[in-house]
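Survey of secondary and tertiary structure
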Amino acid sequence: MTNSHLPQQLALLSVSGLLPCPFCGMAKLARVTRTPPEGEPEPICIQCETCGATGPTATTHDHLSALWDVRASTERPA
Ligand SMILES: [Zn+2]
């Protein structure tokens, strides 16, 4: 049995140091990485592990984190 029928593999890696989720207020976040069958892992987005909300997409983890913080700070309820 293999997973070769899957077009890609998604992995979630917990991250810290980012602003809390603007939707549920929790800071349990993960960055989602897609690994094609052949090729380098690609960053996809930051995802809230509590409510499943996802942040903007970017091509680097640093950029993902920066975009998440911008969104969290602008969309957080007053
Ligand atoms: Zn959330």
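Per an unreviewed UniProt entry, the chain goes by the name Lar family restriction alleviation protein and belongs to Ectopseudomonas alcaliphila.

Helix and strand content of the chain: one helix and three strands. Moving toward the C terminus, one meets the helices and strands of the chain in the order β-β-β-α. Contacts spanning at least 24 positions in sequence make up 35% of the contacts within the chain whose residues lie at least 6 apart.

It is worth spelling out the environment of L18 at this point. Secondary-structure assignment places L18 in the loop between strand 1 (9-15) and strand 2 (29-35). Note: C-alpha distance between L18 and D69 (51 residues apart in sequence) is 6.3 Å. The residues contacting L18, other than those within four sequence positions of it, are L29, I46, S65, W68 and D69.

Attention shifts here to the nonpolar core. The biggest cluster of nonpolar side chains holds seven residues, and these are C21, L29, I46, C48, L64, W68 and A72. Secondary-structure elements contributing two or more residues to this core are strand 3 (42-48) and helix 1 (61-75). The greatest single-element share of this core, amounting to three residues, is contributed by helix 1. Look past the residues within four positions of L29 in its chain and what remains in contact with it is V15, L18, C21, I46, Q47, C48 and E49.

In this section: helix 1. Taking 1.5 Å as the rise per residue, helix 1 with 15 residues should run 21 Å; its terminal C-alpha atoms sit 21 Å apart, in good agreement. Of all the residues in helix 1, the buried ones are L64, S65, W68 and A72. Across the axial projection of helix 1, the buried residues extend over an arc of 95 degrees, all falling on one side. Of the exposed residues in helix 1, those oriented more than 90 degrees away from the buried face are D62, S73 and T74. Structurally, helix 1 contributes buried residues whose contacts are with strand 2 and strand 3.

Criteria and thresholds
- Throughout this description, residue numbers start from 1 for each chain and increase along the sequence as written.
- Thresholds applied to this predicted model are a pLDDT of at least 70 for local features of residues and 80 or more for the giving and counting of side-chain atom pairs; totals over whole chains, interfaces and linings are not thresholded and use all residues.
- For helices the rule is a DSSP run of H or I covering at least 4 residues; for strands it is a run of E covering at least 2, with both sets numbered from the N terminus onward.
- Once C-beta atoms have been placed from the backbone, residue pairs whose C-beta atoms lie within 7 Å are recorded as contacts.
- Put simply, a nonpolar core is buried Ala, Val, Leu, Ile, Met, Phe, Trp, Tyr and Cys residues tied into one set by C-beta atoms within 7 Å.
- Each residue is classified by how many other C-beta atoms fall within 10 Å of its C-beta atom, where C-beta atoms are placed from the backbone; a count of 20 or more means buried, 12 or fewer means exposed, and values in between mean partly exposed.
- Multiplying 1.5 Å by the helix residue count minus one yields the expected span of that helix.
- Read the arc as the range of directions from the helix axis to the C-beta atoms.

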